[in-house]
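Examination of the molecular architecture
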Amino acid sequence: MSDEELMQMAEKARERAYAPYSQFTVGAALLCSDETVYLGCNIENASYGAAMCAERVAIYQALADGKDSFFKIAVCGGKGHTDAPCPPCGICRQVLLEFCRNDFSVILKDAGKIVSYRMDQLLPVSFQKNMVENKG
Ligand code: THU
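For the structure given in this document, a descriptive report is provided here. (Residues numbered from 1 in each chain as written. Predicted model: local features only at pLDDT ≥ 70, side-chain atom pairs only at ≥ 80, totals over all residues. Heavy atoms only, no water.)

**Re the pairing of strand β2 (residues 37-41)**
Regular strands place their side chains on alternate faces of the sheet. Here is the rule we go by: The pairing criterion is simple: DSSP has to find at least two bridges between the two strands. Only DSSP runs of H or I with at least four residues qualify as helices, and only runs of E with at least two residues qualify as strands; both kinds are numbered from the N terminus onward.
The sheet contact formed by strand β1 (residues 24-32) and β2 spans five bridges and is antiparallel. Bridging from a neighbouring strand, Gly27 pairs with Cys41 of β2. The antiparallel pairing of β1 with β2 creates a hairpin that spans four residues between the two strands, and Glu35 there sits at a positive phi of about 80 degrees.

This is the structure we're talking about:
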């Protein structure tokens, strides 16, 4: 699936965002290695800290469905119509890193143009699971 097609799915998912507090709606579309796609949108709460980002909604849905290998994720968002990219927050970067392949990429749209980043660009000098894994 092309980056553009995945972004279109993220834009569709964004329509389902529940963001009455920030008015900042986000959509995500996660392409698994088996070619299935999981969608996510941000879901806020009157107890603000309970809000969940679109990227984590997508990856947690996929994980709960038994998926364990991910190829790329498209993310879009903002307040109303925007041409600005919506890069994943720090927590989402850490969560994506935990489960993604080495060649995983994050697809954004900047002024109508698709841009793509590898995880090591988005989260350099990262805290990685092999540092805390129990071996043997
Ligand atoms: N948000 C996301 O869904 N993903 C991000 O990576 C950044 C922030 C949401 C959380 C909150 O509902 C709103 O955007 C404003 O922060």
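Back to the text.
**Side note on the sheet that holds strand β5 (residues 113-118)**
In any sheet, the strands associate via hydrogen bonds between backbone groups, in a parallel or an antiparallel arrangement. Selection criterion: Orientation is described by axes fitted as lines to C-alpha atoms, over the contacting stretch for helices, and by angles from 0 to 180 degrees between their N-to-C directions. Contact between two residues is taken to exist if any of their heavy atoms lie within 4.5 Å; hydrogens are not considered.
Spatially, five strands are ordered β2-β1-β3-β4-β5 in an open sheet, and the strand pairing comes out mixed. The sheet terminates laterally at β2 and β5, the two strands that pair on one side only. Ignoring which end each strand starts from, the neighbouring axes of this sheet average 20 degrees apart. Against the sheet, helix α1 (residues 3-14) contacts β1, β2, β3 (70-79), β4 (105-110) and β5, and its axis sits at roughly 45 degrees relative to β3.

**Digging into α1**
To keep things clear, this is the line we draw: Under the convention used throughout, the expected extent of a helix is 1.5 Å for every residue step, that is, one less than its residue count. Burial classes follow relative accessibility: with a 1.4 Å probe on protein chains only, a residue under 20% of its type's maximum area counts as buried, one over 50% as exposed, and anything between as partly exposed. The arc refers to the directions leading from the helix axis to the C-beta atoms.
The terminal C-alpha atoms of α1 lie 16 Å apart, and with 12 residues this matches the ideal 16 Å at 1.5 Å per residue to within 8%. Three or more residues of α1 are buried, namely Leu6, Met7, Ala10, Ala13 and Arg14. In a view along the axis of α1, the buried residues occupy a sector of 115 degrees, so they form one face of it. Against β1, β2, β3, β4 and β5 lie the buried residues of α1.

**A look at the pattern of salt bridges**
Formally: In the sections that follow, a salt bridge refers to a side-chain nitrogen of Lys or Arg positioned within 4 Å of a carboxyl oxygen of Asp or Glu.
For the structure on display, the rule yields seven salt bridges. Residue Glu15 is joined to Lys12 by a salt bridge in which the shortest nitrogen-to-oxygen separation is 3.2 Å. Of the charged contacts in the structure, one is a salt bridge between Asp34 and Lys67, with a shortest N-O distance of 2.7 Å. Of this pair, Asp34 sits in the loop between β1 and β2 while Lys67 is found in the loop between α2 (54-64) and β3, placing the two residues 33 residues apart along the sequence. Beyond isolated ion pairs, a larger network of salt bridges with shared partners links Glu4, Glu11 and Lys109.

Geometric values such as these leave the question of function open.
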